[in-house]
Amino acid sequence: MNLVGSRALSGGPNPKTVLITGVSKGLGKALAVELAKQGHTVIGCSRAQDKLNSLQLELSSSSTSTSPSSEPNSLSSDRHLLINADVRSNSSVEELARTVMVKKGVPDIIVNNAGTINKNNKIWEVPEEEFDAVIDTNVKGLANMLRHFIPMMLVSKQGVIVNMSSGWGRSGAALVAPYCASKWAVEGLTKSVAKELPEGMAVVALNPGVINTDMLASCFGNSAGLYQTPESWAVKAATMILNLSAADNGASLTV
C-alpha cells in the first residue's frame, strides 16, 4: 500500500461525501459499501437501475448498523444518493451534476471508477464497436465527469478527484491494447489536469492493483480467483482515498 494510505485512520472526525461512478458492481460497489460502513455519505451512478435499487438498500443497512441513533432508518435511507446515469453521455453527466448539486452539494471526493475492457483479442481483431466502448467509457466518460464537476469544486478551491487507472496504464499487455490505451490516457489526462487546478485541489491516478472482478476474469479466466476480493481491497482503498490531500495533486498512486 502506498505511504499516503497510512497517514491516519480513514474518515477521521469529519464524515465526507464521496461520489463514485460505476457504483453498481465490482470495485465501485465494494468501495461504496465500505464508505457507508465508516459513516461517510455515498453518491453513486450507474446504468443498471436494478443494481442501484439493491445497493441503495445495502448502503442504508450499512449506515444503520454503524449509527448510534435509536431511530436511524429515516436518516440512513436519505443519506446516500444513487442515480441512473451514463458517463459516456455528456448530457447525462450534465444532468447528474445538476442533481448532485441540488440534493447533496459539492462532493468532497470524486472517484471516477466506471470502466470497461475489451475481450481478449489482437488489436486487428477487436471490433470497432468494442474499441469505441472502451474509449467512450474509460476516457470520454472521465472527461465528461471532469467537465461538469470540476467547475463545482472551483468555487471553494477544494476537493479531490481520483481517476481509476491500472497497472496497464503504466505498461503494456497483449490482447488488451484498447484497455491499455485507455488507461495510459487516464494517466496523461490526470497529470495534465493537475497542472490546471488551483492550489487546494487535487487529482490523482490510482492503480487499484489486481482484484478478482468480472473485468479480471475476462482476461485471466479462472485464475482471477487467486487474487483478493473487492471487499478486502475496499478496506485499504477507502483509507487511502479518504486521506488524499492537495499535496498529492498529479500523483500516480497504487493501493
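Residues numbered from 1 in each chain as written. Predicted model: local features only at pLDDT ≥ 70, side-chain atom pairs only at ≥ 80, totals over all residues. Heavy atoms only, no water.

### Details of the side chain of Asn 112
You can see Asn 112 is positioned in strand S4 (residues 109-112). One polar contact links Asn 112 to Asn 163, side chain to side chain, over a distance of 2.9 Å. Residues in contact with Asn 112, not counting those within four places in the same chain, are Thr 21, Leu 142, Met 145, Leu 146, Ile 161, Val 162, Asn 163 and Met 164. (Helix = DSSP H or I, 4+ residues; strand = E, 2+ residues; numbered from the N terminus. Polar contact = N/O pair within 3.5 Å; in protein donor to acceptor, adjacent residues only side chain to side chain. Contact = heavy atoms within 4.5 Å.)

### Points about unusual backbone geometry
Located in the positive-phi region is Lys 157, a residue other than glycine, with phi close to 55°. Here Lys 157 is to be found in the loop between helix H5 (128-154) and strand S5 (159-164).

### Topic: the environment of Met 201
When you line up the elements, Met 201 lands in strand S6 (residues 201-207). Look at Met 201 and you get buried, because its relative accessible area is 2%. Remark: the alpha-carbon pair of Met 201 and Ser 156, spanning 45 residues in sequence, is separated by 9.3 Å. Excluding anything up to four places from it in sequence, Met 201 contacts Met 153, Leu 154, Lys 157, Gln 158, Gly 159, Ala 246 and Asn 249. (Buried < 20%, exposed > 50% of the residue type's maximum accessible area, 1.4 Å probe, protein only.)

### A look at the pairing of strand S1 (residues 17-21)
The buried count for S1 comes to five of five residues, which makes it a mostly enclosed element. A two-sided burial pattern is seen for S1, the buried positions comprising Thr 17, Leu 19 and Thr 21 on one face and Val 18 and Ile 20 on the other. Between the parallel pair S1 and strand S2 (residues 41-46), the chain is carried across by helix H1 (residues 26-37), and the sense of this crossover is right-handed. In this sheet, S4 lies alongside S1 in parallel orientation, the contact comprising three bridges. From the neighbouring strand, Leu 19 faces S4, where its bridge partner is Ile 110. (Right-handed = clockwise from strand over helix to strand, strands pointing away. Pairing = 2+ DSSP bridges.)

### Some details on the nonpolar core
The tendency in soluble globular proteins is for nonpolar side chains to be buried as a group. Counting residues in hydrophobic clusters, the biggest one holds 34 residues, and the most contacted among them are Ile 20, Val 111, Val 162 and Trp 233. For this core, the elements supplying multiple residues, two or more each, are S1, H1, helix H2 (49-66), S4, S5, S6 and helix H8 (230-242). If we skip the residues at most four places from it in the chain, Ile 20 touches Gly 28, Leu 31, Ala 32, Leu 35, Val 42, Ile 43, Gly 44, Cys 45, Val 111 and Asn 113. Listed in part, the 27 residues of the second largest apolar core include Ile 83, Leu 146, Phe 149 and Ile 150. (Core = buried A, V, L, I, M, F, W, Y, C linked by side-chain atoms within 4.5 Å.)

### Re H1
Because each turn of an α-helix spans 3.6 residues, side chains separated by three or four positions in sequence point in the same direction. Its 12 residues place the ends of H1 17 Å apart at the C-alpha level, agreeing with the 16 Å of an ideal helix rising 1.5 Å per residue. Burial analysis of H1 places nine of its 12 residues in the buried class, which makes it a mostly covered element. Inspection of H1 places Leu 27, Gly 28, Ala 30, Leu 31, Ala 32, Val 33, Glu 34, Leu 35 and Ala 36 among the buried residues, and these make up the whole buried set. Just beyond H1, the residue with positive phi is Gly 39, at close to 95°. (Expected span 1.5 Å × (residues − 1).)

Shape is all these values report; function is a separate question.
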